[in-house]
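Next come the chains, spelled out residue by residue.
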Amino acid sequence: MSQNTTIPVKVGVVLDLDAWVGKMGLSCIYMALSDFYASHGHYKTRVVPKIRDSKGDVFGAAAAAVDLVQIEEVEAIIGPRSSMQANFMIDLGSKAWVPIISFSATSPSLSSLQSQYFIRATLNDSAQVPAIRAIVQAFGWREVVLIYVDNEYGNGVVPSLTSALQEVDTHVTYRSAIHPSATDDQIVKELYKLMTVSTRVFIVHMLTPLGSQLFTKAKKAGMMEEGYVWILTDGLTDLLSTMDPLVIDSMQGVLGIKPHVPRTKELENFRVRWKRKFQQDHPKDETSELNIFGLWAYDAASALAMAVEKVWATNLSFPKTNISRNSTDLDTIGVSQIGPKLLQSLLSTKFKGLSGDFQIFDGQLHSTAFQIVNVIGKGERGIGFWTPKKGIIRRLNFTNTNPNTYSTSKDNLGAIVWPGEPTYFPKGWVLPVNEKKLKIGVPVKDGFSEFVKVTWDPNTNATKVTGYCIDVFDAVMGSLPYAVPCEYIPFGTPDGKSAGRYNDLIYQVFLKKYDAVVGDTTIVANRSNYVDFTLPYTESGVSMIVPIKDNKSKRPWIFLKPLTWDLWVTSACFFVFIGFVIWVLEHRINEDFRGPYSHQAGTIFWFSFSTMVFAQKERIVSNLARFVMVIWFFVLLILTQSYTASLTSMLTVQQLQPTVTDIKELQAKGEYVGYQQDSFVLEFLKRMNFDESKFRIYNSSEGLAELLSKGSANGGIAAAFDEIPYMKLFIAQHCSKYTMVQPTYKFDGFGFAFPIGSPLVPDVSRAILIVTESNEMVKIEKKWFREKTSCSDDNGSSLSSNNISLDSFWGLFLIAGVTSSLALIIGIAMFLHKHRVVVMGKDSAWTKIKTLMTLFDQKDLSSHTFRIPDQPYSGSNEPMAAVGASPSVTNCSPRPSTFSNQTNKDIPLSGEQGTSSSEHGGWSSITAGGQSSPEIVAANLNQERTNIPETSH
């Protein structure tokens, strides 16, 4: 298409043509327009760039923008290079309806000034903040220092970065703002100031050449050695390829982030073409690598050319103003007639550019990923990526098993070379170089010297600090992966007395007089307002200690103590139940369980309880009864042996009981209580509503023993309240005289105190866990506690043991109960089956019951126990007068009962015969005709009662 058929559209370009970004940006703009119209030769419009040099100055950029709008009447402006120059141009574009497109102004502060006519064809500096936060979180750094250039560009990102770090509990301990034109001496002075703080993680946000100055001086100052961490924002990371090799050499081990640019064939081809063209246009300049600012400039020019073509359907003219071209009155500036349409066209433009997908959201580009690089050798090496959805990842094409997982793991990064090339990642802080030793405050106290003891040498006035707490602290600090020199400073007066309470000692850390406090200092809530405590290294809680007494004497009912009342009741019930079961099973076949009713009742109780000592004389002839007795003998054996052992223990071992078991008992009786001097326990007792007039103070183990031995009525105390470590030491020293009484009131134990926010706290807490779980802690406790006690572990007296309860024997009773009940059911079932004629009869239920009871009270003559000695046992289960027997059989002589114990019976033979005849007659009466007759049974029973003596029952 010929030149006269195209429509020129003037577009201004404001850049610093002496700076590398300006030169690179301008060449990329020219190449973008050339490439665009070469591939779209049929387009009607042609963007004609009008170049202006801002000379790196804010006023120069403003003057260039006014000239372009008023004199050249441009429809849009690409630029400026820096955020400082953008403020005025944004306001000018808003007045003239001229879109301002910047590919390098990244400061977030521009967002507050942003108008709809300002388009940021680059990333906001705040977009990289989450990536920086993820890196800091991954390595667990809790403190960082911000180093930034003191201008619009540097100050813009500080608020968002500080806020983001606070979200992961990382504090910005210092902000170092360096002037853009700072001299080498000023930079060195600032660096030495940074060396005096403990934080060693530095986040640097600035551009070249100030960044090059900073790292050159930092290397000379020794701040690129082991232990330091440097993190660059994209402002410097994107320009690493433009830096001098000497500067790169001083930045070894630095981490940086920059927007990720996908590798494409088009990009690689453009790099080659751009490098060749740039060398032709700037033969005197050293060739440098193309960076992302050049790619953004290329994409911005391409997007503008597309937008112009969309809205320029006809040749629209720019309205002229009536003022002189030399006027600078901004109030008389005209407005672009196509400005609003061009703006909307730019906002809706989408394409795949050299830097990636180009699309404007909220007036600016948005990145989908940042690359994390490590400066190594002559340049940078990628070690990972960060994305908003996945966090830190090793590769962008990595497929996670859980796509919704956001990772902040340092394991997802590649190998990192840190400054100084240490074998481990830096912890992020060290002791300040101007501090030789940590000043550790220790309490001065008279008693309980096993925990902390301060001694003075009168000749040299030197102090020596020893004790359990000191040894634990030394072991903990020795287990840290770095050396921390310490100096113990007693919190005392020149005469060796304590300078205040423990709260006063803790407050000295808040006042920065001490770097830490080590001793028997308890972790309590009000103290945590002034210091940070480590994890506790002792048992926690406050308990009550009271004297104990032996209750072995004057206890006449001690024989009842071995068993609890429920076990006594259960045992008695089972004795009666077992006796009843045996009587039921033996009554009809065993003469030992027959006789008058009173005799039978006595037999039940006598037989059952005599089995307890295995002294029963009655024989057992029933197999069911024998089975029950086997189980019952087993239960009795275990029960009696347990009772004997428990009673023996109660009679031979001291039965020590506390004199007081409850706080309410102390308060009700108005007893005196004690607490250790300067202890927080005083406030605890006040909260428990104790009368303050009933308090007495002790300051040593000996003083506590004296108060407890006197008692409350004789100027002493009835109980003392103190922390568990003190109480255990006291009890170990005084053996069986005192004991701790529940409950234990929850407190957090002893801990080391450091200033709020001290980076030592997490490391020391982890070291405490290592020491307490090792054998080192056992050695320390043995050294200070077990070797100083007056009694061995097995020399103390025991408190009274628990009584034997039903819980220990319910299984045995369950077995005995089930087997006895089963035997009883079987015996009754057998009896009912034998007399099923009565059960199945048509008489009333009450008549059947009386008949069965009468039959049960009679002897079972079919049993082998009642058979005649010279007559073989037939094995029949039926009586001799069975159903259907001939009448003559009923008059036969009865079989005598068992011959044992029968020769001395007073019962006449005629009585026995009468009994037998009556019984047999009764059976004949019942079974005659196959029907039971209550009248015949009753008559036979009456006859039997008149013929048989009473003793036969």
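Heads up: the structure comes first, above all this text.
Just so it is clear, the structure is predicted and the values come from calculations on it, not from any experiment.

Conventions adopted
Residues numbered from 1 in each chain as written. Predicted model: local features only at pLDDT ≥ 70, side-chain atom pairs only at ≥ 80, totals over all residues. Heavy atoms only, no water. Phe/Tyr/Trp six-rings, centres within 6.5 Å; stacked < 30°, edge-to-face > 60°. Helix = DSSP H or I, 4+ residues; strand = E, 2+ residues; numbered from the N terminus. Buried < 20%, exposed > 50% of the residue type's maximum accessible area, 1.4 Å probe, protein only. Lys NZ or Arg CZ within 6 Å of the ring centre and 35° of its normal. Contact = heavy atoms within 4.5 Å. Pairing = 2+ DSSP bridges. Axes fitted to C-alpha atoms, helices over the stretch in contact; angles between N-to-C directions. 1 Å grid on protein atoms, 1.4 Å probe; cavity = no way out; pocket = protein on both sides within 12 Å on 5 of 7 lines; lining within 4 Å. Points joined across faces, edges and corners; volume = space filled by probe spheres on them. Nonpolar A, V, L, I, M, F, W, Y, C, P; charged D, E, K, R; others polar. Right-handed = clockwise from strand over helix to strand, strands pointing away.

Draft legend 1. Structural detail: the packing of aromatic side chains. Inspection of every chain in the model, using the stated rule, returns 39 aromatic pairs. Where Phe-473 meets Phe-752, the ring centres are 5.0 Å apart and the plane angle is 80°; that geometry is what we call edge-to-face. Of this pair, Phe-473 sits in helix α14 (residues 468-478) while Phe-752 sits in the loop between β27 (738-745) and β28 (753-755), and the two are 279 residues apart along the sequence. Taken individually, Phe-473 and Phe-752 each receive the classification buried, so the pair is uniform in this respect. Site record: aromatic cluster; members linked through ring pairs are Phe-448, Phe-451, Tyr-468, Phe-473, Tyr-488, Tyr-537, Tyr-726, Phe-750 and Phe-752. The aromatic ring of Trp-429 is capped on one face by Lys-427, whose charged end is 5.4 Å from the ring centroid. Lying across the ring of Tyr-672, Arg-696 places its NZ or CZ 3.6 Å from the centre.

Draft legend 2. Broad picture of α14. Of all eleven residues in α14, nine are buried; the element is thus mostly enclosed. Buried within α14 we find Tyr-468, Cys-469, Ile-470, Asp-471, Val-472, Phe-473, Ala-475, Val-476 and Met-477. Among the structural elements, β16 (438-443), β18 (463-466), β19 (486-491), β28, α23 (760-772) and α24 (775-784) are those in contact with the buried residues of α14.

Draft legend 3. Looking closely at the sheet that holds strand β9 (residues 229-232). The strand order across the open sheet formed by eight strands is β7-β6-β8-β9-β10-β13-β14-β15, and the pairing between neighbours is mixed. A strand with exactly one partner marks an edge of an open sheet, and here the two such strands are β7 (171-178) and β15 (391-393). On average, each strand axis in the sheet is inclined to that of its neighbour by 25°, with strand direction left out of account. Relative to strand β14 (residues 379-387), strand β13 (residues 370-376) runs antiparallel, the two being bridged by seven bridges. Counted as the bridge partner of Val-373 is Gly-382 from β14. Against the sheet, helix α5 (residues 129-139) touches β6 (143-149), β8 (201-205), β9, β10 (255-259), β13, β14 and β15, its axis set at about 150° to β10.

Draft legend 4. Spatial organisation of the layout of surface pockets. Within this model, the second largest pocket holds a volume of roughly 990 Å³. Those elements giving two or more residues to the lining of the second largest pocket turn out to be α1 (20-39), α10 (245-249), β10, α11 (265-281), α12 (292-311) and β14. Sorting elements by how many residues they give to the lining of the second largest pocket places β14 first, with four residues. For the lining of the second largest pocket, the residue count by class is 14 nonpolar, ten polar and 14 charged.

Draft legend 5. Geometry of the pairing of β9. Burial of the side chains of β9 extends over both faces: Val-229 and Ile-231 are buried on one face and Trp-230 and Leu-232 on the other. Sheet topology note: the β8/β9 ladder contains four bridges and is parallel. Pairing of Ile-203 across the sheet is with Ile-231, part of β9. Between β8 and its parallel partner β9, the chain crosses via helix α8 (residues 210-220), and the hand of that crossover is right-handed. With two bridges joining them, β9 and β10 adopt parallel strand pairing. Residue pairing across strands places Leu-232 opposite Gly-256, the latter belonging to β10.

These figures capture arrangement, not role.
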